[in-house]
Amino acid sequence: MCGIAGIWGPLADKREVLAESCRRIRHRGPDSNGYWEDASSGLALAHVRLAILDLTEAGHQPMVSACGRYVLVLNGEIYNHLDMRARLQQMGRAPDWRGHSDTETVLACFAELGVEATLQDAVGMYAIALWDRQSRKLTLARDRMGEKPLYYGYTGGNLAFASELKALMPIPGFGANLNRHALASFMRHNYIPAPQSIYEGIAKLPPGTWLEIDEGMVNRRELPEPRVYWSARQAADQGLANPLSFGSDKEAVDALEQVLGQAVRGQMLSDVSLGAFLSGGIDSSTIVALMQAGSTQPVRTFSIGFHDKAYDEAEHAKAVAAHLGTQHTELYVTPDDALAVVPRLPEMYDEPFADSSQLPTFLVTQMARRHVTVALSGDGGDELFGGYSRYFRVRDMYSKFQRIPRPLRHAAGGLLRASTALPGRGAWRGKVGKVGELLSVDYQAEFYRQFVSYWPDPGSVVKGGAEIPSLFQQPMEGSIFEAMMKLDTQTYLPDDILVKVDRAAMAVSLETRVPILDHRVYEFAWRLPFQYKVRGATGKWALRQLLYRHVPQSLVDRPKRGFAVPLAAWLRGPLRDWAEALLDPVRLGQDGWFEPEPILRRWREHKSGHRNWSSHLWGVLMMQAWLDCHRREGANTATDKLKETLAR
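The rules behind each value
- Residues numbered from 1 in each chain as written.
- Predicted model: local features only at pLDDT ≥ 70, side-chain atom pairs only at ≥ 80, totals over all residues.
- Heavy atoms only, no water.
- Buried < 20%, exposed > 50% of the residue type's maximum accessible area, 1.4 Å probe, protein only.
- Helix = DSSP H or I, 4+ residues; strand = E, 2+ residues; numbered from the N terminus.
- Arc of directions from axis to C-beta.
- Contact = heavy atoms within 4.5 Å.
- Polar contact = N/O pair within 3.5 Å; in protein donor to acceptor, adjacent residues only side chain to side chain.
- Pairing = 2+ DSSP bridges.
- Domains from an automatic or database assignment.
- Buried area = accessible area lost by both parts, 1.4 Å probe.
- Salt bridge = Lys/Arg side-chain N within 4 Å of Asp/Glu carboxyl O.
- UniProt positions renumbered as here; feature names shortened; annotations may be inferred.
- Core = buried A, V, L, I, M, F, W, Y, C linked by side-chain atoms within 4.5 Å.
- Expected span 1.5 Å × (residues − 1).

Trainee: How do you make sense of helix α7 (residues 232-241) when you look at a structure like this?
Mentor: Side chains that are three or four residues apart share a direction in an α-helix, a result of its 3.6 residues per turn. Turning to α7, its buried residues number three or more, namely Ala232, Arg233, Ala235, Ala236 and Gly239. Projected down its long axis, α7 shows its buried positions confined to an angular sector of 165 degrees, all on one face. Contacts from the buried residues of α7 go to α19 (480-490) and α21 (519-527). Its side-chain oxygen at 3.3 Å from the backbone nitrogen of Arg233, Ser231 defines the N-terminal cap of α7.

Here it is in structure tokens:
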């Protein structure tokens with residue numbers, strides 16, 4: 001795992017600027033820095049390296065191809081690079097290899113086979129910048145599922161790109177204007193969906209795409225539309241149209257074990273220490289079981305626990321680890337341990353991000369990094385195999401609501417929404433308002449968007465903010481259950497789950513890998529008939545049956561708990577003063593980003609204990625804390641005061 005950055009344009013002191021960029025993302029690659037410049041074209045590339053494969057100088061980046069024409073910086077891993085290398089050799093087109101890194105392999109493939117063919121062939125997670133010295137063209141590319149980040153855009157007359165936004169901050173002119181429309185989207189989702197970023201003029205490259213920029217575009221400050229080389233939605237639709245057929249349940253589970261086992265084995269390739277996160281749930285337990293089945297040594301596994309039993313899963317993870325025979329490490333953390341992370345979040349996540357499970361995620365990655373450099377995770381199982389409980393709730397609600405005639409349904413929805421403005425207090429108001437919103441929706445994707453929204457009308461909260469069109473406004477093929485799975489794979493998974501894990505792990509220089517998101521597993525999952533994913537009220541059916549081959553059902557069958565913290569209580573207790581300072585009415589008005597009244601109303605209701613608005617308020621608080629960190633450097637901010645309080 002690494003970090004990349006680059007500048008193309010008239011900026012004179014690129015080496016100094018990119019040296020500062022590298023310093024700011026040193027956590028992504030503490031082992032070495034690299035710099036390369038094409039002075040005649042005005043392009044410079046920089047790289048920070050966390051050495052995983054080929055620890056020698058032969059793996060150093062930026063890397064120049066054997067023919068001298070191409071220069072590459074890569075963040076990520078190409079798991080099938082040895083197969084790609086072997087194919088080049090069979091074709092008689094391989095260079096004289098200098099080492100055994102995946103970077104050298106993929107660079108040789110780019111040189112011999114071209115960009116599109118290489119991306120189609122690669123299995124892995126990556127963000128790539130490739131410079132063609134002959135044609136003076138720059139290629140940017142991102143992996144299929146969006147595991148590795150890549151930001152790009154124009155700033156100060158220069159094209160710039162980087163793994164994290166903080167690497168762009170040293171460039172003159174960067175960050176002059178924030179993106180109110182992105183903030184509106186953030187208020188709905190608690191994350192900023194691609195291609196938006198919090199900064200105007202800076203975009204996220206969408207998963208499964210690449211783009212090519214030439215000199216003329218840079219001179220005109222133009223950006224081409226990203227080209228799609230792989231689409232999660234298209235792969236899902238093609239899978240639904242071409243389902244697999246099995247003679248028995250056993251055959252289906254055998255097929256799943258084969259494709260997922262192949263992905264796990266491929267992702268255990270490493271020249272450094274490797275382990276896995278283990279919560280004791282279905283997904284992580286399955287990954288660990290397959291790792292241990294293919295290993296001659298006990299696999300290193302890691303979990304964190306909480307003394308509050310309502311949030312603790314460590315005892316379940318310990319039982320699974322004992323049965324599988326892993327070398328297990330657990331750490332019980334206190335509320336103070338988790339609260340101490342809060343002041344670090346704005347800098348860690350670069351732009352507003354408000355999934356509160358970011359706190360335990362950081363703690364488990366921090367603990368794992370003390371023992372290993374690479375950790376596999378079980379993320380993606382819910383999206384691919386229908387595991388979220390909300391899928392079942394939304395399916396049932398949508399089916400019931402659609403039986404009501406449309407005019408009557410819309411009228412009832414309007415009345416219920418209006419009733420929330422009546423005098424009084426109580427939790428009923430939010431529930432009634434949510435039902436009113438859902439009754440007023442006609443389409444599957446929009447129904448799901450309203451269900452998962454935090455602030456259902458972001459334009460009423462963000463001054464001057466309006467959401468851009470999103471995937472939720474597009475018609476979806478298949479049942480509403482399948483539509484939700486596809487939408488989450490394209491939105492929530494890359495923009496929330498994978499962002500959360502990447503930033504938390506990279507903050508401590510830990511590489512994370514996600515075998516379930518191997519695109520071959522994804523394509524298999526969408527060809528797998530629905531009956532093997534969902535049976536009755538149980539999701540992830542085939543994944544469960546696979547796990548039961550390795551772990552007794554009694555150890556893992558229990559209600560899904562999630563990776564949560566008692567945020568509601570913390571905002572009324574140890575985080576209250578911090579929140580009060582960030583939600584100060586005068587500050588909210590002067591900052592000019594939010595309409596204070598609806599936010600302050602929810603804050604009052606939350607403090608009183610009559611309502612739980614913690615997730616809604618967490619988004620506002622993360623934006624305010626981010627402003628403290630990135631827009632008011634040197635000030636004695638509310639977050640600074642929280643840090644001092646927690647240190648006492």
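Trainee: When you look at the pairing of strand β1 (residues 2-8) in this model, what are you seeing that I'm missing?
Mentor: On a regular strand, each side chain points to the face opposite its neighbour's, so the side chains alternate between the two faces of the sheet. Burial analysis of β1 places seven of its seven residues in the buried class, which makes it a mostly covered element. Alternating residues of β1 divide into Cys2, Ile4, Gly6 and Trp8 and Gly3, Ala5 and Ile7, and every residue in both groups is buried. Two strands pair when backbone bridges link them, and β1 and strand β3 (residues 43-49) are joined in this way by seven bridges, in the antiparallel orientation. Of the residues in β3, the one forming a bridge with Ala5 is Ala46.

Trainee: I would appreciate a short explanation of the domain arrangement of the protein in the present structure.
Mentor: Quoted interface sizes are often the accessible area lost when the parts come together. Taken domain by domain, the protein holds domain 1 (3-230), domain 2 (231-565) and domain 3 (567-647). Taking only C-alpha atoms into account, the centre of domain 1 sits 28 Å from that of domain 2. Across the boundary between the two partners, domain 1 contributes 47 residues, which contact 61 residues of domain 2. Roughly 4700 Å² is buried in total at the junction of domain 1 and domain 2, and carbon and sulfur atoms are behind 58% of that figure. If you sort the residues of domain 1 by the area they bury against domain 2, Met145, Arg188 and Trp230 come out on top, with a joint share of 19%. Run the count over domain 1 and domain 2 and you get five salt bridges. Taking the shortest distance from any N to any O, the salt bridge between Arg28 and Asp502 comes out at 2.9 Å. In this structure, the connection of domain 1 to domain 2 is made through 23 residue pairs in polar contact (both at pLDDT 80 or more).

Trainee: Could you clarify how one ought to interpret the UniProt feature "binding site: L-glutamine" (unreviewed entry) in the protein in this entry?
Mentor: On the UniProt side, "binding site: L-glutamine" (unreviewed entry) is annotated at positions that read Asp102 here. Secondary-structure assignment places Asp102 in helix α3 (residues 102-113). You can call Asp102 buried: its relative accessible area is 4%. Contacts of Asp102, omitting those with residues within four sequence positions, involve Leu53, Gly76, Glu77, Ile78 and His81.

Trainee: Sorry, what's going on with the nonpolar core here?
Mentor: Burial of nonpolar side chains together is a common tendency in soluble globular proteins. Ranked by size, the top nonpolar core spans 185 residues in total, and within it Trp578, Phe594 and Trp618 carry the most contacts. At nine residues, the largest contribution of residues to this core is made by helix α28 (residues 614-631). In this structure Phe594 touches Leu183, Met187, Val461, Val462, Lys463, Leu588, Ile599, Val620, Met623 and Gln624, once residues within four positions along its chain are discounted. In this structure, Ile4, Leu43, Ala127 and Leu159 belong to the second largest nonpolar core, which totals 23 residues.

Trainee: Please clarify how helix α13 (residues 358-369) should be interpreted in this entry.
Mentor: Across its twelve residues, α13 extends 16 Å between first and last C-alpha, which sits within 8% of the 16 Å expected from 1.5 Å per residue. Burial analysis of α13 places ten of its twelve residues in the buried class, the great majority of the element. Within α13, the full set of buried residues consists of Gln358, Leu359, Pro360, Thr361, Phe362, Leu363, Val364, Thr365, Met367 and Ala368.

Trainee: Can you walk me through unusual backbone geometry in this structure?
Mentor: With the exception of glycine, most residues fall at negative phi, and the peptide bonds are largely trans. That bond from Gln61 to Pro62 is cis: its omega, -5 degrees, falls within 30 degrees of zero. When you line up the elements, Pro62 lands in the loop between β3 and β4 (63-64). Unlike most non-glycine residues, Lys540 shows phi in positive territory, near 55 degrees. Take Lys540: it is sitting in the loop between α21 and α22 (541-548).

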